[in-house]
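Architecture and fold: a report
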Amino acid sequence: MNIVKTALLIVGFLAVLMGLLWIGQGLGVVHWPASSFMLDQRPWALRGALLAVVGVALIIFARRR
């Protein structure tokens, strides 16, 4: 079970980081990569927030086990 817990923590942290990147791109704060289709597109900010929440939930779930 320790492998599952570690995997959930890694996936959770990656989801949070990716969600924060999507939020930044969607709001036009992060312009990396410069040719991204996600720049200044508000739906990507919402999707990033949802992904970050899922990541936090995975982290909480993994730490409880």
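Above this note sits the structure.
Another aspect to go through is a nonpolar patch on the surface. The grouping of Ile10, Leu14, Leu17 and Leu20 at the surface amounts to a nonpolar patch, some 410 Å² of accessible area in total. Among the structural elements, Ile10 can be located in helix H1 (residues 2–26).

Right, let's talk about the environment of Thr6 for a bit. Relative to the assigned elements, Thr6 resides in helix H1. In this structure the C-alpha to C-alpha distance between Thr6 and Leu46, which are 40 residues apart in sequence, comes to 27 Å.

Summed over the entire model, instances satisfying the criterion amount to 2 aromatic pairs. For the ring pair Trp22 and Trp44, a centre distance of 5.4 Å and an interplane angle of 80 degrees mean the geometry is edge-to-face. Taken together, the residues Trp22 in helix H1 and Trp44 in helix H2 (residues 42–64) connect sequence positions 22 residues apart. In this structure Trp44 comes out as buried when scored by relative accessible area, which is 19%. When the ring of Phe37 is compared with that of Trp44, the centres are 5.7 Å apart and the planes differ by 75 degrees; the resulting orientation is edge-to-face. If you follow Arg47 out to its NZ or CZ, it ends over the ring of Trp44, 4.7 Å from the centre.

Here we come to the side chain of Gln25. For Gln25, the position within the fold is in helix H1. Excluding residues within four positions of it along the chain, Gln25 makes contact with Val30, Trp32, Pro33, Ser36, Met38, Leu39, Asp40 and Gln41.

Parameters and conventions
Residues numbered from 1 in each chain as written. Predicted model: local features only at pLDDT ≥ 70, side-chain atom pairs only at ≥ 80, totals over all residues. Heavy atoms only, no water. Patch = residues over 30% accessible without salt bridge, like charges linked within 9 Å, V, L, I, M, F, W, Y side chains within 5 Å. Areas by Shrake-Rupley, 256 points an atom, 1.4 Å probe, with all protein chains shown as cover. Salt bridge = Lys/Arg side-chain N within 4 Å of Asp/Glu carboxyl O. Helix = DSSP H or I, 4+ residues; strand = E, 2+ residues; numbered from the N terminus. Phe/Tyr/Trp six-rings, centres within 6.5 Å; stacked < 30°, edge-to-face > 60°. Buried < 20%, exposed > 50% of the residue type's maximum accessible area, 1.4 Å probe, protein only. Lys NZ or Arg CZ within 6 Å of the ring centre and 35° of its normal. Contact = heavy atoms within 4.5 Å.

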